[in-house]
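Survey of secondary and tertiary structure
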Amino acid sequence: MLAIFAAASILVWIFYEYGRDLPDYRQLADYEPSVMSRVYAGDGRLIEEYAIEGRVFVPFSAIPKNLINAFLSAEDKTFYSHPGLDFFGIARAVLTNVEAQFSDRRMVGASTITQQVAKNFLLTNEYSFDRKVKEAILALRIEQAFDKDQILELYLNEIYFGFGSYGVSAAAVNYFNKSLDELSLSEVAFLAGLPKAPNNYHPIRRSKAARERRDYVLARMLDDGKISEAQAQSARQDAIVVRRRNETEYVAGGEYFAEDVRRELLDQFGSDTLYRGGLAVRTSLDPNLQQIADRVLRSGLIDYDRRHGWRGPVTRIPVGAGWSDRLSAIQKPPAGAESWRLAAVRRITDASATIVFSNGESGKIPLSEIKWARAWQPEQKLGPSVKRIGQVLLEGDVIFVEAVEASESGENYPTGTYGLRQVPEIEGALVALNPHTGRVLAMTGGFSYEKSEFNRATQAKRQPGSSFKPFVYLAALDNGYTPSTLVLDAPFVIDQGPGLPKWKPKNYSGRYYGESTLRTGIEKSQNLMTVRLAQAVGMEKVGAYARHFGLVDDLPTNLSAALGSQETTLIDVTAAYAMLVNGGKRVSPTLIDRVQDRNGATIVRTDRRECLMCGRVPVADGEPPSLPDEREQLTDPASAYQMVSILQGAVERGTGRRVADVGKPLAGKTGTSNDSFDTWFLGFSPDLAVGVFVGFDEPRTLGAKETGSTVAAPVFRDFMSAALANEPATPFRIPQGIVLVRVDPETGLVATPGSRRAILEAFKPGTAPTRRTAAVGASPGTTGFTSSDQPSAGGLY
């Protein structure tokens, strides 16, 4: 009796002493596991996952029975009958550990699943007597507060399985690329054996130990009556085959888009919610348009780079023993150039180069595939023409190559023929968005995210050049001018003030057209007409339009700003052009449509309009309910359409003629900054606005003859050709109040009957020209209007 009393007293003391400062186990009732956040494209496909612990929480009701049985057999077969501690298991462990003291065997534990929950959630991994006692006390308390299914749910969603997998659902995906209900018995048994020591049972590095552990779990399940002998035998025959998650399950490309989404989420929710909160983020990304954007931008950058010569090999290595190992150690082609290979030049002749790869394969580069590689010279100039291989390559040069089947002239090459390739120094960006909502459908910020994470679509501030001009002309159209208003295109000098040099703007082409229409000023991108028009309208008004359309917050009042000298970003200029084609309604570029929390509740919604009739009127009874248009009107819709019509002319007859090859109604404008440092093309179809920028990260000239028309416009053209390939040729929408009149494009006057060069011009009611008048800037006090259409006090709406 004394012994029993003493033992009881000791137990009471232990429970009192160790149970005083234990964590509150009741917090498990509010447990929210660290769950990965997922970002989805507009079609529901996965773009990216963000997590500190790669976990997908699964409720107990969704966990298959055979999986539960496997874990119980492997870890705690009496789980549903013990009170939190397995006293018989403890006794066995004590005897085993006493024997282990006199041998080389490792000591064993007797932790139940409940004890493991207590340790993982409330304690540390410290291996000590104190922790084991606290673990036991907490296990008993947890069993009093939660039912068995809740405890097992906590356990299966918390434990680590290796392969970066936290929780059984993530483990099923990362090991076998399956959901829980798709797992075979062999795979279930393998996963159930992992929590003991995931690294010890790695299915690739320690495949034998992994099979033995899997078979042990199968044997335990058989002993417990959970499976039959036939099932156990069949499962033992299965190989443990790891099937990593398919890359095709992620949207290809879109890294720049995803990173901007991540930054936005980080700013809005903080890192803890982003990486642990299990957010479901629905974005506007269109995977098809994103793939097109990545492809055409890279192609355009490579085309420009090839026009400006060869900058030399990646590196050089000695030709001889060990060359294969040295070649293998050199950087591989960047993402976006997956079809390129790294090769070493083994031998050259005047007509070809023999190349070898690190795997021992060889190939040839003919002279025809190297003629483009004239030596690069400063200011983007070129060296002499290539007439023999030795002018470009030497033995030991390490280069990028790509398999080619035919020459540019159509000559078929034998198998094993390669073309010389070079990673561009030039960079660029492309943005495509819906002009009616501002939803960004595609965005690529450079040649390769792997090469540079800097997003030139949203982070690079550059001079837009002539792509800014439409907003000068829009200010004029809103203030009483018409597309047929005449403006003098001739040289002039402006005195900038004491101590400053005189400013002498000039047209890029060096040509001057005299008195010309507003339309001509945009179509031919005449600088002097733009400056005169800005002076007549007033730079304060031009600055107001730049601010309201989101181009520049504070536009200087000097006239050079009318030519696009103030820096801005590609995404802002693209959004401004979108507001032209949508009728002058304000839209802001957005990447995120909706954010849901871990429970599926929507916590962020970009489109906040309420549909009051949704769910009330059956669609079959009539038109679907319409949503209110809450967009702010920035300009007269008629003025916006006039600008769209003028920009369509720039594509059909002006500096954007390369884009007309698409064969669909398109409008747009080139942009080139001083000395060709920055090149742009901004444009749109009725339902898609696209912007392209190309330039060096450290601004320098792209070359004497390189402009937005030669560099950026081809990228825009190729994007639109692919994006609109299966779309109908939708004309631009004409708002109410617009009158289309046949005019002579040179004089702006109503065309004579039978005139072959007449075009349809858009006018507001009562503004069609009736007679020729003096042009803006021709002489003091003249405006270029008839008496019936003098400028009114128009402006921003």
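Residues take numbers from 1 onward in each chain, read along the sequence in its written order. Two thresholds apply to this predicted model, a pLDDT of at least 70 for residue-level local features and 80 or more for giving and counting side-chain atom pairs, whereas whole-chain, interface and lining totals are computed over all residues. Hydrogen atoms and water are omitted, and side-chain values are computed over all heavy atoms in the structure.

**Some words on the overall build of the protein chain**
Comment: elements are numbered from the N terminus, with helices defined as DSSP H or I runs of at least four residues and strands as E runs of at least two. Of regular secondary structure, the protein chain possesses 21 helices and 24 strands. A 1.4 Å probe rolled over the protein chains alone gives each residue an accessible area, and that area as a share of the maximum for its type sets the label: buried under 20%, exposed over 50%, partly exposed in between. Burial analysis of the protein chain (797 residues in total) assigns 52% to the buried set. Residue pairs at least 24 apart in sequence account for 68% of intrachain contacts in the protein chain once pairs closer than 6 positions are excluded. The Shrake-Rupley method, run with a 1.4 Å probe, gives the accessible areas here. Residue values count only the displayed protein chains as cover. Surface exposure of the protein chain reaches about 37500 Å², of which carbon and sulfur atoms provide 50%. Contacts were defined at the residue level, with two residues in contact if any of their heavy atoms lie within 4.5 Å.

**Side note on the packing of aromatic side chains**
To pair, rings of Phe, Tyr and Trp, with the six-membered ring standing in for Trp, must have centres within 6.5 Å; the planes then decide the type, stacked if under 30 degrees apart, edge-to-face if over 60, and tilted in the middle. The tally for this structure, following the rule as stated, stands at 22 aromatic pairs. With a centroid separation of 5.1 Å and 85 degrees between ring planes, the pair formed by F79 and Y80 is classed as edge-to-face. Through successive ring pairs, a cluster of aromatic residues spans F468, F471, Y545, F549, Y577, F684 and F732. Of note, K148 hangs over the ring of F79, and the distance from its end group to the ring centre comes to 4.5 Å. A ring has a charge above it when a Lys NZ or an Arg CZ is no more than 6 Å from the ring centre and no more than 35 degrees off the ring normal.

**Here's the deal with the nonpolar core**
Residues belong to a common nonpolar core when they are buried Ala, Val, Leu, Ile, Met, Phe, Trp, Tyr or Cys residues joined through side-chain atoms within 4.5 Å. In terms of nonpolar packing, the biggest core is built from 86 residues, with F549, L580 and F684 touching the most fellow members. Of the residues forming this core, the biggest block, 10 residues, is contributed by helix α19 (residues 570-581). Discounting residues that sit within four places of it in the chain, L580 has contacts with P470, F471, L474, F549, A640, M643, V644, L647 and F684. Within the second largest apolar cluster, 47 residues are counted, among which are A74, V168, L180 and Y201.

**Brief notes about the sheet that holds strand β2 (residues 46-50)**
When DSSP finds two or more bridges between a pair of strands, those strands are recorded as paired. Here five strands make up an open sheet; going across it, the order is β2-β1-β5-β18-β19 and the pairing mixed. In this open sheet, the two edge strands, each paired with only one partner strand, are β2 and β19 (602-605). Pairwise comparison of adjacent strand axes, ignoring direction, gives a mean angle of 15 degrees for this sheet. For strand β1 (residues 37-40) and β2, the ladder comprises four bridges, and the chain directions are antiparallel. Paired with S37 across the strands is Y50, a residue of β2. In this description, a line fitted to the C-alpha atoms serves as the axis of each element, helices being fitted only across the stretch in contact, and the angle between N-to-C directions of two axes falls anywhere from 0 to 180 degrees. Against the sheet, helix α11 (residues 255-269) touches β1, β2, β5 (280-283), β18 (592-596) and β19, its axis set at about 45 degrees to β2.

**Focus: the sheet that holds strand β21 (residues 678-685)**
The sheet built from five strands is open, its strands ordered β15-β14-β22-β21-β20 with antiparallel pairing. Two strands in the sheet have a free side with no partner beyond their single neighbour: β15 (440-444) and β20 (667-672). Across this sheet, the average inter-strand angle for adjacent strands is 5 degrees, counted without regard to direction. Sheet analysis places β20 next to β21, joined by six bridges and oriented antiparallel. Bridge pairing in β21 places T670 opposite F681. Helix α20 (residues 637-653) rests against β20 and β21 of the sheet, and its axis sits at about 70 degrees to β20.

**Regarding the environment of R757**
With respect to the secondary-structure elements, R757 resides in the loop between β23 (739-743) and β24 (759-763). Using a relative accessible area of 43% as the deciding quantity, one classes R757 as partly exposed. As for R757 and V743, which are separated by 14 residues in sequence, their C-alpha atoms are 8.7 Å apart. Once residues lying within four places of it in the same chain are set aside, the contact partners of R757 are D744, P745 and E746.

**Observations concerning the packing of α19 against α20**
For any two helices packed against each other, the geometry is given by the interaxial angle and the distance between the axes. Relative orientation of the contacting elements α19 and α20 amounts to 110 degrees, with a least axis distance of 7 Å. If you check the angle between α19 and α20, you find them roughly perpendicular. Only A640, M643, V644 and L647 of α20 make contact with α19, whose side of the interface consists of Y577, L580 and V581. Three classes are used: nonpolar for Ala, Val, Leu, Ile, Met, Phe, Trp, Tyr, Cys and Pro, charged for Asp, Glu, Lys and Arg, and polar for all others, with Gly counted as polar. For the contact of α19 with α20, a count of residues per class yields seven nonpolar, no polar and no charged. Our angle categories are set so that under 35 degrees counts as roughly parallel, over 145 as roughly antiparallel, 65 to 115 as roughly perpendicular, and the remainder as oblique.

**What to know about the confidence of the model for the protein chain**
Per-residue pLDDT for the protein chain has a mean of 87; in total, 88% of the residues score no lower than 70. Note: pLDDT gives the predictor's confidence per residue, expressed from 0 to 100. Predicted confidence for residues 781-797 stays below pLDDT 50, and this span has 51 contacts to residues more than four positions away or in other chains.

**Quick word on the side chain of T114**
Mapped onto the fold, T114 is located in helix α4 (residues 113-122). In contact with T114, other than residues within four places in its own chain, are F79, H82, G84, A139, I142, E143 and I151.

**Some words on the pattern of salt bridges**
The working definition used for a salt bridge is a side-chain nitrogen of Lys or Arg within 4 Å of a carboxyl oxygen of Asp or Glu. Per the counting criterion, the structure on display carries 38 salt bridges. Residue E761 pairs with R519 through a salt bridge whose shortest N-O separation is 2.6 Å. Pair noted here: E761 is in strand β24 and R519 is in helix α16 (residues 518-523), with a separation of 242 residues, a long-range link. Each of the two residues, E761 as well as R519, counts as buried. Across the pair E610 and R605 runs a salt bridge, and its minimum N-O distance is 3.4 Å. One network of salt bridges, in which partners are shared, links R519, E523, E652, R653 and E761.

**What to know about the packing of helix α2 (residues 65-75) against helix α6 (residues 148-158)**
Interhelical geometry of α2 versus α6 gives an angle of 90 degrees and a closest axis separation of 12 Å. For the element pair α2 / α6, the angle class is roughly perpendicular. Contacts between α2 and α6 involve I68, F71, L72 and E75 on the former and, on the latter, L152, Y155 and L156. Class assignment of the residues belonging to the contact of α2 with α6 gives a composition of six nonpolar, no polar and one charged.

**Here we look at the pairing of β5**
Note that β1 and β5 share three bridges and pair parallel. Paired with R38 across the strands is A280, a residue of β5. Both β5 and β18 contribute to a ladder of four bridges, which runs antiparallel. Paired with A280 across the strands is Q596, a residue of β18.

**Remarks on α20**
Given a helix with a known number of residues, its expected span is that number minus one, times 1.5 Å. End to end, α20 covers 24 Å across 17 residues, agreeing with the expected 24 Å (1.5 Å per residue, within 8%). Burial of α20 is extensive: 14 of the 17 residues sit out of reach of the surface. We define a polar contact as two N or O atoms separated by no more than 3.5 Å, with the added condition that, inside protein, one atom must be a possible hydrogen donor and the other a possible acceptor, whereas residues neighbouring each other in sequence contribute only through side-chain atom pairs. A side-chain oxygen of the first residue of α20 lies 3.0 Å from the backbone nitrogen of A638; this N-cap is D636.

**Re helix α13 (residues 287-307)**
For α13, with 21 residues, the first-to-last C-alpha span of 31 Å sits near the 30 Å given by 1.5 Å per residue. Between a side-chain oxygen at the N-terminus of α13 and the backbone nitrogen of N288 the separation is 3.0 Å; the capping residue is D286.

**Thoughts on the side chain of T417**
Within the secondary structure, T417 is located in the loop between β12 (397-403) and β13 (418-421). A polar atom in the side chain of T417 sits 2.7 Å from the backbone oxygen of P414. Ignoring sequence-local partners within four residues, the contact set of T417 consists of K364, P366, E402, A403 and V404.

**Examining the environment of R598**
Note that R598 resides in the loop between β18 and β19. With a relative accessible area of 26%, R598 lands in the partly exposed category. C-alpha of R598 to C-alpha of A280: the two residues are 318 residues apart in sequence and 7.3 Å apart in space. Excluding its chain neighbours within four sequence positions, the residues that come into contact with R598 are E32, P33, V35, R276, G277 and G278.

**Describing a nonpolar patch on the surface**
Within the patch definition used here, like charges are joined within 9 Å and nonpolar side chains (Val, Leu, Ile, Met, Phe, Trp, Tyr) within 5 Å, considering only residues with over 30% relative accessible area and no salt bridge. Judged by side-chain polarity, I734, L740 and L760 come together as a nonpolar surface patch covering roughly 270 Å² of accessible area. Among the structural elements, L760 can be located in strand β24.

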